[in-house]
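The residues making up each chain are set out below.
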Amino acid sequence: MADYAVGQEEMARLSLAQDPEQYPPPAIHSPGVIPIDITAKFADAVKTLDPGELVKDGLFTLFESVSALEIMDPKMDSGCVAPGEKFEEEYDVSQKLLPEEALGIIDELICHEISWHLGYPLSQTLFTSVYVEALSMPDPANIGEARFVRSGTSESSPEPILEILRAYCLGMLKGCSFVNERIKMEHYYEEEDFVTNTYNRTLLRRIPTRNIHSALRDAEGLLELLKDQVSDEILQGLSARLSLRRIFLEAAESPENKGDFAKAQAPWIEAVDVLPVIEKTHILAKDVDDAFSAKLQRKLASTMPPRPIVQLDFNEAFAHLSRMFEDGREVVNVLKYTDSQCLLTFVSTFQAKKPQPLVYVRTLLQTFLFDEMQILGRMSIRQLLDDDLSILTLPASPLLARSNDDIEAVHDIRFTMSQQMELFRQRAAQPFLDILRTFCQNRCRIRRTLCHLIRDWENLQVDAEDIDHLLQIKTKERPLLHRASMMSSSARPVESYSLALSSWTYLYKLRLMEMIVQLGFELEVYQSDEHLGMYWYLSYLAKGRLQHAERIKSFIVHRVEEARASPTKDSDMEQELQRALASTRLTLIDAAVTWELSDALACLHTVLARHNLVRTPARPYSNDELRYDLRMKPFAAIGLPSLPTFAEFTTGCRQPETSSEDLLAYGERALVGAKKGFEALSKLSAEDSFSVGSHERWVAGIKNGLKSCIAAGIAIKTLQKTLADMSKKASAEPLAEAVLKLAVDIPTPVNTYHPSWIVPKVTVIPE
C-alpha cells in the first residue's frame, strides 16, 4: 500500500459520481470562472487504483489531511449540518414562558449542573442551554448587561417569568464560578474527577456576588406580584429554586467563614427546608426541550468533537444534590478540632462514605484543612504534629516542651532537644499532611497514592532512627527490661529503648500498608483466587502492628507509673497520659481484630482452594510467582516489615502440614476473638475511640466488621459440617481431594457488609 493520505475533496467528488442527484454540483456564476464537469473522468481514474491505494497531492500536509477527514463527519465536525437543518439555533429567548415551563427549564438546569459535578464537561451540560448562552456571550461587564436580550435601552416592564429565570441562571452561573475556582485551587485529577474547562466563558466572574444576590431578591419580589395569576404550588416551587441559588452562593463562601463554625454551616443546614419543596413541585414542571441544543457547542472554544447532551434523570440528579448539601453540612464539622487522631478518623471515615462525596465537597475539605498553610484556619503544622506525637508515643514528654525553644545555651540538653525535634518536624510534616490530603481524593487515587507515600515514610523512619539514637545518648535514657516478643510469655527479657520518633513513624507505616491491602479488596483489585494470599499478608501486617503496639504500650505504662510516683501532680500531664493509654488500647484492639478476622478468612479460603471451590481463571501468560511479585510490588522497597519470600508466602497460604479440619477450627477460634474485639470497640465512647465528630460513621464501620465475622462463622460452620459428613461416609478417596457438594459465591464489595472483608457465601448443593 502506498504511504499516502487522501483528501476529503476527492472523497466528496467520488460521492458526487455515485449519487449526483442527491449532491448536485454547486452553481458557479462568475465571468472569470469556466466550470468543467470532471465527474466522469474522476470516476474512471479511481477505477485504475488498486484496493487500499491512496493518492495525495505533494503540498497537501498531514494536518490538512486529518482536517479534511473530519469535514462533513457528524461525529467529528461540529459544523456539519444535516439536509434541511439550520446551522444556528433559532430558539427565541425573549418569548414568553408559562410558569410551568420556567419550572421545567430550571429543573433541567439542575440536572445539567449535577452532571457537571459528576464529571461531565460544561459543553455537554450547562452550556447546551440557550438561556445560559444568551447570558454568557458576549461576556457581560455588569449586572445590567447580563440579560437574555441585549439592547441599548433597558426594558421598562420586563416579563416577570423571564426575569425569575434570568435571576436563577445568574445565581447558577456565579455558583458554578465559585465551584470551578475552588476545585482548581485544590488537589484533584483532571478528567478523572472533574472538568474545569470553561471554553472561553467567564461564568460571570466580573459581576460581584452582591449584585447576584440583589437580582435574586428582585426576582423574589416579582413572585409577590404573580400571586393572583399563578397557583401557590408553582410560586412555592419557583421561590424554593431561587432560595437554592442564594443558599448555594452563601455555602460556596463558607471557607471564608472557617473561623465562625455556625456561620459556615448555616447555609448547608438551611437547604434542608428548601430541597423537599423542590422535589415536591417537580411534578408541576413542563419540559421545554427546545431550550437546550447541542448546536451551541459550535460556539465554544474547544478542540473536542461534538458530543451529545448528557441526559440525567431528575430523581437521580436530586438525590446527588441532596447528598451534596448533606455532605457539605457534615464536612464543616471538621472545624471542631479535638485532637489529631479524631481529625484523621473524621477525614478517613468521611471519604469512605458510600457513595463517596462529590469532588466539590472533597475540595472544600482540603480548603478547611490546608488553606493559607494553617490547619483548620487556626493551627500550625507543628501544633498538629506535637499533638499526634503526644497521643501515640510521647505523652507528657519533655521533648515536646515549648520552653525548650527559649534555651540558647548550646551545651544545655534542652537546646539539643529543641533542635532535633524541629529537624524531625521538618522531615515529618510533609508525609503526615500527605496522609490527610490523600484521603481527600477518590478511592482509586487514595490507594495509588498510598503506594508511593509509604516510601516517604520508609525514608522518614531512617531519619527518625538517627534522631532517636542521638537523643538517647544526649538525654542518657535508661532502657527498660521487657520480653523480646510480646506474643510469647517465655521469651527472655531484653533491654530496650523507647525510640519514640521511629516508633511513631513505624506505626503509621504499618497502618498505611494495611490500608493499601484493604483498599485492594474494596476496589476489586484482587481476583477471587487471590483473596487467600492477600488476607494472609494482611494478617501478617496486622500481627506486626499488634506487636509494635505492645512495645509502645510498655513505655507509656512506664511513663504513667513514673508520673504517679512523682510527689507533684499535674492534671494536664495526667490527662495526656490517659489519652495515650486510650490510644494504645484502641490500636491494640484494632490490630487484633484485623489480624484475627483476616486470619480466619485466610483459613477459610485455604480449605476452599484445597477442594477447588473457588474458580481460578485461565492465565496462559502468568503464574503464581509473577502474580505474587505484582501484588507485593508496592511493598518491595520497604525494609521493615520485611517482605515474605515467595516460598514463605506459598507455605503460609497453603498450610500443607495442617488438615482442613484443624484450619477451620483455628479460623473459628480466631473469629471468636475478632467478635469480642469488635464488640469491645463498638462500646467505646467517641473520646475513647478518637472519633469525636464522626462517631456514628466509625461505629457503623465497626458493626459492619462484626457482621462480617458472623458471616464468616456461618461459612466455616457449613464447611465443617460438610467435611464431617464426608468423613462419616468413609469415602475411598482421600478427604483432601474429595469433591464437596458445595457452591461458593464470592460477593462484590457492594454486596458485602464491609468492603474490606469479602466473605465467601458457602451453600450446600441439594442432592
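All values reported here derive from a predicted model rather than from experimental measurement. (Residues numbered from 1 in each chain as written. Predicted model: local features only at pLDDT ≥ 70, side-chain atom pairs only at ≥ 80, totals over all residues. Heavy atoms only, no water.)

Regarding its fold elements, the protein presents 22 helices and four strands. Counted over contacts in the protein with a minimum sequence separation of 6, partners at least 24 positions apart contribute 77%. Of the accessible surface of the protein, which amounts to about 38000 Å², a share of 53% is contributed by carbon and sulfur atoms. (Helix = DSSP H or I, 4+ residues; strand = E, 2+ residues; numbered from the N terminus. Contact = heavy atoms within 4.5 Å. Areas by Shrake-Rupley, 256 points an atom, 1.4 Å probe, with all protein chains shown as cover.)

Here the focus is the environment of glutamate 224. You can see glutamate 224 is positioned in helix α7 (residues 209-225). Within the local environment of glutamate 224, its side chain forms a polar contact with the side chain of lysine 227, the two groups lying 3.0 Å apart. (Polar contact = N/O pair within 3.5 Å; in protein donor to acceptor, adjacent residues only side chain to side chain.)

The next point concerns the environment of valine 277. Along the polypeptide, valine 277 turns up in helix α9 (residues 261-281). Considered as a pair, valine 277 and serine 239 are 38 residues apart in the sequence and their alpha carbons are 9.3 Å apart. Contact partners of valine 277, with chain neighbours within four places excluded, come to Gln236 and Ala240.

All right, on to helix α12 (residues 359-370) then. A rise of 1.5 Å per residue sets the reference length of α12, with its twelve residues, at 16 Å; its end C-alpha atoms lie 16 Å apart and thus fit the reference within 8%. For α12, the set of buried residues is Val359, Tyr360, Val361, Arg362, Thr363, Leu364, Leu365, Gln366, Thr367, Phe368, Leu369 and Phe370. In the segment just after α12, glutamate 372 is the residue with positive phi, at about 55°. (Expected span 1.5 Å × (residues − 1). Buried < 20%, exposed > 50% of the residue type's maximum accessible area, 1.4 Å probe, protein only.)

The next subject is empty space enclosed by the protein. Scanning the entire structure with this criterion turns up four cavities of 30 Å³ or more. Forming the boundary of the largest cavity are Asn333, Val334, Lys336, Tyr337, Thr338, Asp339, Cys342, Leu343, Phe346, Val692 and Gly693. Here the lining of the largest cavity is built from residues that sort into six nonpolar, three polar and two charged. (1 Å grid on protein atoms, 1.4 Å probe; cavity = no way out; pocket = protein on both sides within 12 Å on 5 of 7 lines; lining within 4 Å. Points joined across faces, edges and corners; volume = space filled by probe spheres on them. Nonpolar A, V, L, I, M, F, W, Y, C, P; charged D, E, K, R; others polar.)

So, about unusual backbone geometry. A cis amide bond, omega -5°, links methionine 137 with the succeeding residue proline 138. Within the secondary structure, proline 138 sits in the loop between α5 (130-136) and α6 (160-185). Cis geometry marks the peptide bond from lysine 354 to proline 355; its omega dihedral reads -10°. By the element assignment, proline 355 lies in the loop between α11 (340-351) and α12. In this structure, phenylalanine 690 takes a positive phi of about 55° despite not being glycine. Relative accessible area serves as the criterion here: at 3%, phenylalanine 690 is assigned to the buried category.

What follows deals with helix α16 (residues 500-522). The end-to-end C-alpha distance of α16 is 33 Å, a good match for the 33 Å that 23 residues give at a rise of 1.5 Å each. Most of α16 sits inside the fold, with 21 of its 23 residues counted as buried.

Scanning all chains against the criterion turns up 24 aromatic pairs. When the centroid spacing of 6.4 Å and the interplanar angle of 75° are considered together, the rings of phenylalanine 127 and tyrosine 199 count as edge-to-face. Linking phenylalanine 127 in the loop between α4 (99-117) and α5 with tyrosine 199 in the loop between α6 and α7, this pair joins segments that are 72 residues apart in sequence. Residue classification places phenylalanine 127 among the buried residues on the basis of a relative accessible area of 3%. Chaining the aromatic ring pairs together yields one cluster made of Trp536, Tyr537, Tyr540, Tyr628, Phe635, Phe646 and Phe649. The ring centre of phenylalanine 370 lies 4.2 Å from the NZ or CZ of arginine 437, which sits over that ring. Directly above the aromatic system of phenylalanine 346 lies the positively charged group of arginine 697, at a separation of 5.0 Å from the ring centroid. (Phe/Tyr/Trp six-rings, centres within 6.5 Å; stacked < 30°, edge-to-face > 60°. Lys NZ or Arg CZ within 6 Å of the ring centre and 35° of its normal.)

Another aspect to go through is the pattern of salt bridges. Considering all chains together, one arrives at 36 salt bridges under this definition. Among the ionic pairs, glutamate 192 bridges to arginine 445, the shortest N-O distance being 3.0 Å. Taken together, the residues span a long stretch of sequence, with glutamate 192 in the loop between α6 and α7 and arginine 445 in helix α15 (residues 443-474) at a distance of 253 residues. Residue classification places glutamate 192 among the partly exposed residues on the basis of a relative accessible area of 39%. The class for arginine 445 is buried, based on a relative accessible area of 17%. A salt bridge links glutamate 270 to arginine 246; the shortest N-O distance between them is 2.8 Å. Here glutamate 270, found in helix α9, pairs with arginine 246, found in helix α8 (residues 232-252); they are 24 residues apart in sequence, far enough to count as distant. (Salt bridge = Lys/Arg side-chain N within 4 Å of Asp/Glu carboxyl O.)

In this structure, the largest pocket spans a volume of roughly 1600 Å³. In this structure, the largest pocket is lined by 47 residues; those nearest its centre are Ser348, Thr349, Ala352, Met515 and His754. Looking at the lining of the largest pocket, the elements that each hand over two or more residues are α11, α14 (413-439), α15, α16, α18 (571-610) and α22 (695-728). Each residue belonging to the lining of the largest pocket can be placed in one class, and the counts come to 23 nonpolar, 14 polar and ten charged. The computed volume of the second largest pocket comes to approximately 750 Å³. Along its surface, the second largest pocket is lined by 27 residues, and Leu394, Ser397, Glu477, Ser498 and Arg559 are the ones closest to its centre.

With that settled, consider the environment of threonine 128. Turning to its location among the elements, threonine 128 is positioned in the loop between α4 and α5. Remark: the alpha-carbon pair of threonine 128 and serine 293, spanning 165 residues in sequence, is separated by 5.2 Å. If we ignore the near neighbours within four places in the chain, the residues touching threonine 128 are His112, Leu122, Ser123, Ala291, Phe292, Ser293, Leu296 and Ile309. Among the polar contacts made by the side chain of threonine 128, one reaches the main-chain carbonyl oxygen of threonine 125 at a distance of 2.6 Å.

The next subject is the side chain of threonine 363. Inspection of the secondary structure puts threonine 363 in helix α12. Setting aside residues up to four positions removed in sequence, threonine 363 forms contacts with Arg182, Ile183 and Glu186.

Of all hydrophobic cores here, the largest spans 202 residues; its most connected members are Tyr131, Phe325, Leu369 and Trp504. Here the element with the most residues in this core is α18; it accounts for 14 residues. Each of domain 1 (99-150 + 158-335) and domain 2 (380-615 + 632-751) contributes no fewer than three residues to this core. Apart from residues no more than four positions distant in its own chain, leucine 369 is found in contact with Val334, Leu343, Val347, Gln374, Ile375, Leu376, Leu436 and Cys440. Judged by nonpolar contacts, the second largest core, of seven residues, contains Ala542, Leu546, Leu588 and Trp595. (Core = buried A, V, L, I, M, F, W, Y, C linked by side-chain atoms within 4.5 Å. Domains from an automatic or database assignment.)

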